[in-house]
Structure formats: structure tokens, C-alpha cells
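Results of the structural survey
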Amino acid sequence: MAILLPGNLFGNTTLVTMASGDRLFLFEGEYLITSGSYAIYSNAGVADVSDDGEVFAHITGINLFAQSGTVADFNVKIGKNGDVQGGSNGVEVRGATDVKGSILFQNQGTVAGEQFAVALYRADTVYVSNSGQISSLGNTDYTNALFVSAEYASINNSVTIENFVVDPSDAEYSGAAITAPSAFGKLDGSILDIFNSGSI
């Protein structure tokens with residue numbers, strides 16, 4: 001367990017790998033930019049990320065994963081000056097199929113991805129608070145601005161969650177601003193609450 005202050009990093013590999021219980025802080029004006037798969041990565045199941053800078057990766061900007069047999073406890077906060085982007089996903093936080101636990105995601109800044117801007121899934125609970133901009137930029141059937149799947153999910157949006165359609169005349173396009181399938185293995189469905197005072 002450590003407090004990580006990576007500062008400015010630029011490269012072609014994963015820039016920061018977090019151990020269990022690590023807390024990472026990226027401040028305004030700082031950046032993590034890589035042509036590699038991830039800028040920030042953890043497979044330890046417990047991680048806390050606070051970003052007020054710029055994060056970009058070729059695949060996923062922030063990728064946090066809880067391995068089989070562990071309990072997830074993830075907390076990701078994007079501040080008002082934070083900007084997270086990925087060639088596929090901006091932020092992806094998830095567990096293995098048997099993982100329990102919680103994911104808390106707060107966004108006051110900007111998160112974007114070609115496939116999923118934000119994907120949060122395979123946990124007991126997922127809480128999303130958005131007072132910034134969450135945008136998917138692609139134009140495929142798999143494009144979602146926000147993808148959540150949990151036993152219980154709560155989404156509170158006061159600004160914008162949008163699926164940017166490059167070609168709205170494409171008859172085969174079926175992406176969505178929000179997609180929330182039932183939690184894996186739960187036959188009687190899951191619970192989803194959406195509180196919206198912004199734009200979806």
C-alpha cells in the first residue's frame with residue numbers, strides 16, 4: 001500500500017502499475033501519456049485513483065481489475081480539470097466473474113473512448129456520479145458512453161453522458177449512451193437507478 005505521485009510520464013508501455021491498496025494522485029497540469037496499452041493499470045482488486053491531469057493510452061487510459069477470488073474495492077475520481085482518453089476505452093474497472101465488492105466512479109472532468117468511455121462491471125455495487133462529460137466517440141454496435149453491470153447500480157448525472165454518432169444515417173448502428181445488462185449469473189435481474197438532471 002503506497003501513495004503514488006507519478007508526475008509527468010510519457011512512454012510506450014504501461015506507465016503506472018498499482019499494487020493492492022495503492023492511492024494514485026495526478027494533479028492539474030500533469031500527464032500520463034502512452035502509446036502502450038494502459039496508462040494506469042492494476043489487477044490487485046483494491047485501488048484509489050484521483051486524476052486532475054491528462055491521461056491517455058492506446059487501448060485504455062485507466063484499467064483496474066479484480067482477480068478471481070478477491071473482493072473489489074475501487075474508487076476512481078476524475079476532477080474538474082481531469083481528462084481521460086483511450087483508443088478503445090477511457091476508464092475500465094471490473095472484476096472476474098466470481099468477484100464481489102464495489103466500484104465508485106466520480107467524474108467532474110472529461111472521459112472519452114472510441115468503444116466505451118466508461119465501463120464498470122462484475123461487482124456487487126456500482127455507483128456513478130457524473131457532473132462532467134462522458135462521451136463515446138466511435139460508430140459501431142459496441143459503442144457505449146457508459147456501460148455498467150452489477151447486482152445494484154446507481155447513476156447520478158447532472159451534465160452530459162453522450163454517444164457521439166459519426167454517421168447517424170447508418171442503419172446498422174445500435175450503440176447507446178448507457179447500457180446496463182443484468183449482472184453476470186443473476187437470473188432474476190439486477191437493480192438500476194438513474195437520477196438525471198443533465199443530458200443523456
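Structure: see above.
Predicted model only: the values in this text are computed from it and were never measured. (Residues numbered from 1 in each chain as written. Predicted model: local features only at pLDDT ≥ 70, side-chain atom pairs only at ≥ 80, totals over all residues. Heavy atoms only, no water.)

1. As for the overall build of the protein
Looking only at helices and strands, the protein features 0 helices and 20 strands. Per-residue burial for the protein yields a buried fraction of 46% across its 200 residues. Nonlocal contacts in the protein, meaning residues at least 24 apart in sequence, comprise 63% of its contacts between residues at least 6 apart. Roughly 9,000 Å² of accessible area belongs to the protein as shown, and the carbon and sulfur atoms make up 51% of that amount. (Helix = DSSP H or I, 4+ residues; strand = E, 2+ residues; numbered from the N terminus. Buried < 20%, exposed > 50% of the residue type's maximum accessible area, 1.4 Å probe, protein only. Contact = heavy atoms within 4.5 Å. Areas by Shrake-Rupley, 256 points an atom, 1.4 Å probe, with all protein chains shown as cover.)

2. Brief notes about a nonpolar patch on the surface
Residues Ile3, Leu5 and Phe27 make up a contiguous nonpolar surface patch of about 330 Å² in total accessible area. Relative to the helices and strands, Ile3 resides in strand β1 (residues 3-4). A relative accessible area of 57% places Ile3 in the exposed class. (Patch = residues over 30% accessible without salt bridge, like charges linked within 9 Å, V, L, I, M, F, W, Y side chains within 5 Å. Salt bridge = Lys/Arg side-chain N within 4 Å of Asp/Glu carboxyl O.)

3. A closer look at the sheet that holds strand β5 (residues 31-34)
The 7 strands are arranged β2-β5-β8-β11-β14-β16-β18 in an open sheet whose pairing can be described as parallel. Looking at the sheet topology across the chains shown, the edges are occupied by β2 (9-11) and β18 (160-163). Geometrically, the sheet is characterised by an average inter-axis angle of 5° between neighbouring strands, direction not taken into account. Both strand β14 (residues 110-113) and strand β16 (residues 133-136) contribute to a ladder of 4 bridges, which runs parallel. (Pairing = 2+ DSSP bridges. Axes fitted to C-alpha atoms, helices over the stretch in contact; angles between N-to-C directions.)

4. Notes on the pairing of strand β8 (residues 54-57)
Consecutive side chains of a regular strand alternate in pointing toward one face of the sheet and then the other. Taking every second residue as pointing to the same face, the buried face of β8 carries Val55 and Ala57, while none of Glu54 and Phe56 on the other face is buried. Alignment of β5 against β8, held across 3 bridges, turns out to be parallel. Of the residues in β8, the one forming a bridge with Leu32 is Val55. As judged from the 4 bridges shared by β8 and strand β11 (residues 83-86), these two strands associate in the parallel manner. Along β11, the bridge assignment pairs Glu54 with Asp83.

5. Considering unusual backbone geometry
Not every positive phi belongs to a glycine, and Arg122 is a case in point at roughly 60°. In this structure, Arg122 sits in strand β15 (residues 116-130). The exposure class of Arg122 is partly exposed, given its relative accessible area of 33%.

6. Describing the nonpolar core
Membership of the largest hydrophobic core comes to 44 residues, with the highest contact counts inside it found for Ile40, Ile62, Leu64, Phe105, Leu120, Val126 and Leu146. If sequence neighbours within four positions are ignored, Phe105 has contacts with Val76, Ile78, Val91, Val111, Val118, Leu120, Tyr127, Val128, Ser129 and Ile134. (Core = buried A, V, L, I, M, F, W, Y, C linked by side-chain atoms within 4.5 Å.)

7. Observations concerning the environment of Ser102
Relative to the helices and strands, Ser102 is located in strand β13 (residues 100-107). The partly exposed category is assigned to Ser102, whose relative accessible area is 24%. With 56 residues separating them in the primary sequence, Ser102 and Val46 have C-alpha atoms 9.8 Å apart. Setting aside chain neighbours within four positions, we find Ser102 in contact with Ala72, Asp73, Phe74, Ala123 and Thr125.

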